[in-house]
Amino acid sequence: MFTLAEVASLNDIQPTYRILKPWWDVFMDYLAVVMLMVAIFAGTMQLTKDQVVCLPVLQSTVNTKPQPGTSGKADFTAVETTTGQGEVASMGTVSFGSAPTVTPDVLLSRATSSQYQPTESGQELKKEQKDSSGRKTNLDFQQYVFINQMCYHLALPWYSKYFPYLVLIHTIILIVSSNFWFKYPKTCSKIEHFVSILGKCFESPWTTKALSETACEDSEENKQRLTGAQSLPKYVSTSSDEGSPSASTPMITKSGFKFSADKPMIEVPSVTILDKKDGEQAKALFEKVRKFRAHVEDSDLIYKLYVGQTVIKTVKFIFILCYTANFVNTISFEHICNPKVEHLIGYTQFECTHNMAYMLKKLLISYISLICVYGFICLYTLFWLFRIPLKEYSFEKVREESSFSDIPDVKNDFAFLLHMVDQYDQLYSKRFGVFLSEVSENKLREISLNHEWTFEKLRQHVSRNAQDKQELHLFMLSGVPDAVFDLTDLDVLKLELIPEAKIPAKISQMTNLQELHLCHCPAKVEQTAFSFLRDHLRCLHVKFTDVAEIPAWVYLLKNLRELYLIGNLNSENNKMIGLESLRELRHLKILHVKSNLTKIPPNITDVAPHLTKLVIHNDGTKLVVLNSLKKMTNVAELELQNCELERIPHAIFSLSNLQELDLKSNSIRTIEEIISFQHLKRLTCLKLWHNKIVNIPSSITHIKNLESLYLSNNKLESLPAAVFSLQKLRCLDVSYNSIASIPVEIGLLQNLQHFHITGNKVDVLPKQLFKCVKLRTLSLGQNCITSIPDKVSQLLQLTHLELKGNCLDRLPATLGQCQLLRKSGLVVEDHLFDALPSEVKEVLNQDTSIPFANGI
């Protein structure tokens with residue numbers, strides 16, 4: 001046996017799951033419990049009191065003979081019989097005086113008389129027969145027991161015997177069907193996770209704070225709208241309205257905070273700081289909700305399973321109702337039994353009574369009533385399931401009631417679970433929606449960020465860069481702390497890997513700010529902030545992965561002087577980098593592009609009239625189309641690095657104002673076109689380093705004004721005399737080639753100040769080299785030089801001498817006469833320096849600051 005509690009445990013679920021039980025599921029659970037009690041009650045009654053009492057149907061008096069010795073009075077014999085369930089029952093054998101008793105055939109009479117011999121005297125028997133009344137059947141106790149059992153199984157309808165068990169089985173199936181979606185592993189884990197997150201979101205302090213802050217914002221905005229008060233002074237631009245951002249420009253408009261370009265900025269009341277623990281828990285909840293949504297929205301298994309179990313219950317209800325209704329009339333108190341055991345009993349037909357018939361019939365009617373109510377609820381559930389699309393859930397009402405207008409609609413199992421929760425309490429979904437809003441998450445991050453990054457902490461991170469400017473570098477934060485904009489003396493602000501960076505109107509306080517770095521940081525700006533940046537920002541660095549990360553307002557900064565773009569600009573996006581809005585950058589002087597261009601975007605020519613420096617650093621992608629360079633006639637400095645150029649582009653020869661050309665890290669093999677540089681009268685610096693140049697053509701003499709020539713890291717084997725005819729040459733770098741000797745014509749370069757020939761095969765230094773008395777830097781390292789002439793003392797302005805990596809065995813003592821040379825500027829092996837005379841070493845070890853300053 002099992003108890004009611006054990007059976008009811010099948011219907012037991014975790015208390016936290018009750019929020020997913022709508023009223024119809026709860027009602028059906030109670031109906032199932034009542035049906036379960038009906039089954040157990042009926043089963044108990046059947047086991048304890050169910051019995052059948054049978055009497056033989058006597059033959060008609062026409063075919064019978066009177067039994068002599070019988071009296072006309074009723075004869076009754078009490079007999080104990082057993083029911084079909086093994087229970088003992090009292091039976092009576094009755095014979096009536098109005099009819100003679102029926103005598104069984106001879107065989108049965110003999111068998112009976114031989115089996116039961118009288119144990120009393122003849123007088124006692126006569127006395128008993130005289131006192132008894134009724135009609136004799138000549139059946140003993142065992143025969144009544146036997147016939148009662150036979151008729152219990154043959155005469156009673158099967159439904160009367162198994163009704164309690166059928167009700168129990170059906171009820172258990174209905175209970176299992178109702179709660180199967182809570183037990184099935186693939187749905188149970190999702191439901192458990194959802195209920196856990198939902199409970200934490202409901203109880204989170206951030207939920208209450210966010211909703212209450214929304215109400216506070218609404219009331220404050222209404223107050224400001226009525227009074228017209230301003231909490232922040234509006235920044236007044238000194239420029240005209242030209243260059244104002246278009247409707248497509250990514251400004252902060254309405255994504256949680258309301259802003260209008262024509263209205264003053266409204267500062268909402270400051271938010272109460274959350275406890276650090278509460279803030280961390282809220283951050284974790286946002287992450288959990290995000291991952292759970294991504295996991296659950298991919299499938300609709302929970303929805304299908306719930307629909308499936310509802311359909312099963314409905315089909316079960318129809319099945320039970322159809323077959324049960326037919327058996328209501330079969331439950332009867334009286335039954336006719338034909339056991340076909342006449343050879344054992346002597347009778348062919350018996351009339352039986354079933355003492356539980358009336359009780360079973362009432363229980364059956366009650367059960368049918370319950371199952372009808374259960375079925376109608378199942379039909380209503382199906383109607384609810386298909387009346388509206390439950391695989392879609394809209395937070396429209398929540399968005400209208402709060403400032404979190406970005407709460408997304410959800411679908412599939414996530415939507416279905418929220419619909420189920422709404423049947424319990426809609427407040428759960430409203431509070432849950434707070435953790436689906438990016439605006440809400442950003443507010444939380446902002447609160448935590450401002451709590452962590454105070455003004456004092458930010459001040460400690462301010463440093464001075466190489467240009468002696470105050471610089472602040474913020475890296476991988478959730479946003480830009482408000483206290484940053486209180487650093488009014490800041491010159492350079494670097495924001496790196498801050499995806500949710502927002503620049504508010506408070507930036508107008510930073511009057512010294514002229515340089516801004518946005519490294520993988522697509523910052524959004526408010527209208528007032530944009531006006532300030534448009535008028536004051538001079539230098540902007542933008543590093544990105546995709547061109548779409550470049551904020552559109554960047555191309556509207558008409559007072560910008562320098563723009564650095566570093567990122568992927570493949571051919572598909574070149575039209576975007578064409579940036580027609582570059583026309584607004586009317587004061588742009590320097591444009592630096594580090595990318596993977598195959599052609600120079602034609603629209604860069606929009607800034608050609610005022611652009612003075614263009615730098616293109618490719619990642620090894622071959623730069624093919626350069627025709628647009630011809631229009632950039634005012635460019636003074638041009639760098640085309642790592643562009644896989646094989647020759648000097650002809651478009652360069654049209655740049656009449658070009659002063660410096662850098663073609664570093666290309667694949668240039670020949671420079672015969674160098675003769676065309678004679679038309680570039682202002683060209684003073686030519687950098688052809690890190691290429692594959694084999695020789696220098698004599699036509700280089702036509703570049704009369706050349707002051708710096710860089711040919712390092714090529715494949716030169718000699719230096720032609722034509723190089724030394726460049727009388728204005730002040731810097732010559734031929735390091736890391738295969739040059740074997742220095743021509744004596746080097747002495748003609750009287751203005752030479754820097755000579756680098758490191759990493760070659762030079763073994764002898766010509767005396768003419770030391771006629772270049774203006775030399776300040778002389779790099780002779782990693783050659784095959786065996787000695788340094790004493791005439792090195794003629795280089796009175798020498799401050800840097802590199803000799804390391806040669807075959808020297810000593811250094812000349814005349815090094816001490818180089819007045820500006822100190823040990824820090826002498827790059828040589830330690831043992832050679834130690835071998836110098838002590839007075840020379842003493843001179844070289846003198847304080848370098850004052851003499852060096854004087855020399856410069």
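Our structure's up above, just so we're on the same page.
Nothing here was measured: the structure is a model prediction, and the numbers come from that model.

1. Some words on the overall build of the protein chain
Check the secondary structure of the protein chain and you find 22 helices and 26 strands. Within the span of the protein chain, comprising 856 residues, buried residues form 49% of the whole. Across the protein chain, the fraction of contacts at a sequence separation of at least 24, relative to all contacts at a separation of at least 6, is 59%. Carbon and sulfur atoms form 54% of the exposed surface of the protein chain, whose accessible area is close to 41,300 Å².

2. What to know about the pairing of strand β17 (residues 613–618)
Taking burial as the measure, the six residues of β17 include five buried ones, the bulk of the element. In the sheet, strand β16 (residues 590–595) pairs with β17 via six bridges, with the strands oriented parallel. Across the sheet, the residue bridging to Val593 is Ile616, located in β17. Pairing geometry for β17 and strand β18 (residues 637–641), over five bridges, is parallel. Bridging across to β18, Leu614 finds its partner in Leu638.

3. Focus on unusual backbone geometry
Of all residues except glycine, most have a negative phi; of all peptide bonds, most are trans. If you check the backbone angles, His690 has positive phi at about 55° while not being a glycine. Tracing the sequence through the fold places His690 in the loop between β20 (685–687) and β21 (708–710). The residue Tyr736 is not glycine, and still its phi comes out positive at about 55°. Within the element layout of this structure, Tyr736 appears in the loop between β22 (731–733) and β23 (754–756). We classify Tyr736 as partly exposed; its relative accessible area is 41%.

4. Topic: the side chain of Asn596
If you trace the backbone, Asn596 turns up in the loop between β16 and β17. Among the polar contacts listed, one links the side chain of Asn596 to the side chain of Asn568, at a separation of 2.7 Å. A polar atom in the side chain of Asn596 sits 2.9 Å from the side chain of Ser595.

5. Comments concerning the packing of aromatic side chains
Applying the stated criterion across every chain, the model contains 30 aromatic pairs. When the centroid spacing of 5.6 Å and the interplanar angle of 55° are considered together, the rings of Tyr159 and Phe163 count as tilted. Placement of both Tyr159 and Phe163 in helix α6 (residues 158–183) is noted, with a separation of four residues, approximately one turn of the helix. Phe163 shares its class with Tyr159; the two are buried. Aromatic side chains Tyr306 and Phe416 sit 5.5 Å apart centroid to centroid with 50° between the ring planes, which places their arrangement in the tilted category. Placement of Tyr306 in helix α10 (residues 301–325) and of Phe416 in helix α14 (residues 412–424) is noted, with a sequence separation of 110 residues between them. One exposure class covers both Tyr306 and Phe416, and it is buried. Pairwise contacts between aromatic rings join Trp158, Tyr159, Phe163, Phe319, Tyr323 and Tyr367 into one cluster. A cation over a ring is seen here: Lys664 above Trp689, with NZ or CZ 4.8 Å from the ring centre.

6. Some words on the pattern of salt bridges
Inspection of every chain in the model, using the stated rule, returns 21 salt bridges. The shortest N-O distance in the salt bridge between Arg459 and Asp489 comes to 3.3 Å. You can see Arg459 sitting in helix α17 (residues 455–460) and its partner Asp489 sitting in the loop between β9 (470–475) and β10 (492–496), a full 30 residues away along the chain. Overall, the relative accessible area of 26% leaves Asp489 in the partly exposed class. Across the salt bridge formed by Glu673 and Arg647, the nearest N and O atoms sit 2.4 Å from each other. Residue Glu673 is located in the loop between β19 (660–662) and β20, and its partner Arg647 is located in the loop between β18 and β19; the two are separated by 26 residues in the primary sequence.

7. As for the state of the cysteines
Applying the stated criterion across every chain yields a total of two disulfides. Sulfur-sulfur distance for the disulfide between Cys54 and Cys352 comes to 2.0 Å. Taking the sign of the S-S torsion, about 110° here, the bridge from Cys54 to Cys352 comes out right-handed. Residue Cys54 is located in strand β1 (residues 52–56), and its partner Cys352 is located in strand β5 (residues 350–354); the two are separated by 298 residues in the primary sequence. Taking the relative accessible area as the measure of exposure, Cys352 reaches 1% and is therefore buried. Here Cys151 is linked by a disulfide to Cys337, with a sulfur-sulfur distance of 2.2 Å. Here Cys151 and Cys337 share a disulfide; its torsion about the S-S bond, -90°, makes the bridge left-handed. Taken together, the residues span a long stretch of sequence, with Cys151 in helix α5 (residues 141–154) and Cys337 in strand β4 (residues 334–337) at a distance of 186 residues. By relative accessible area, which is 1% here, Cys337 ends up buried. Each bonded cysteine in the protein chain gets a number by its place in the sequence, and the pairs come out as 1-4, 2-3. Cys807 supplies the cysteine sulfur nearest to Cys784, a cysteine that is in no disulfide, at a spacing of 5.5 Å.

8. Details of the nonpolar core
Ranked by size, the top nonpolar core spans 133 residues in total, and within it Leu640, Phe677 and Phe755 carry the most contacts. In terms of residue count, helix α18 (residues 527–536) provides more of this core than any other element does, four residues in total. In this view, Phe677 contacts Ile648, Ile652, Phe653, Leu661, Leu683, Leu686 and Ile703; residues no more than four positions away in its chain are not counted. Counting 82 residues, the second-largest nonpolar core is a separate cluster that includes Met35, Ala42, Val195 and Val289.

9. Quick word on the side chain of Lys21
Locating Lys21 in the fold gives a position in the loop between α1 (4–8) and α2 (23–49). What makes Lys21 buried here is its relative accessible area of 7%.

Parameters and conventions
Numbers given to residues run from 1 along each chain, matching the order in which its sequence is written. Since the coordinates come from a predicted model, pLDDT governs what is reported: local features require at least 70, and pairs of side-chain atoms require 80 or more to be given and counted, while whole-chain, interface and lining totals use all residues. Remark: hydrogens and water are excluded; side-chain values derive from all non-hydrogen atoms of the structure. Here a strand is any run of E in DSSP of at least two residues, a helix any run of H or I of at least four, and the numbering for each starts at the N terminus. Whether a residue is buried, partly exposed or exposed follows from its accessible area with a 1.4 Å probe, protein chains only, as a fraction of its type maximum: under 20%, in between, or over 50%, in that order. Contacts: residue pairs with any heavy atoms within 4.5 Å of one another. Using the Shrake-Rupley algorithm and a 1.4 Å probe, accessible areas are obtained, with residue cover drawn only from the displayed protein chains. The rule for pairing is simple: two strands pair if DSSP sees at least two bridges between them. Each polar contact in these results corresponds to two N or O atoms within 3.5 Å; when the atoms are within protein, one needs to be able to donate a hydrogen and the other to accept it, and residues that are neighboring in sequence are counted only if both atoms are side-chain atoms. Under the pairing criterion, centres of Phe, Tyr and Trp rings, with the six-membered ring standing for Trp, must be within 6.5 Å; the plane angle then separates stacked pairs below 30 degrees from edge-to-face pairs above 60, leaving the rest tilted. Criterion for a charge above a ring: Arg CZ or Lys NZ at most 6 Å from the ring centre, at most 35 degrees from the ring normal. A pairing counts as a salt bridge when a side-chain nitrogen of Lys or Arg comes within 4 Å of a carboxyl oxygen of Asp or Glu. In what follows, a disulfide is any cysteine sulfur pair within 2.5 Å. Nine residue types can take part in a nonpolar core, namely buried Ala, Val, Leu, Ile, Met, Phe, Trp, Tyr and Cys, and a core is a set of them joined through side-chain atoms within 4.5 Å.

That's the geometry; what it means functionally is another story.
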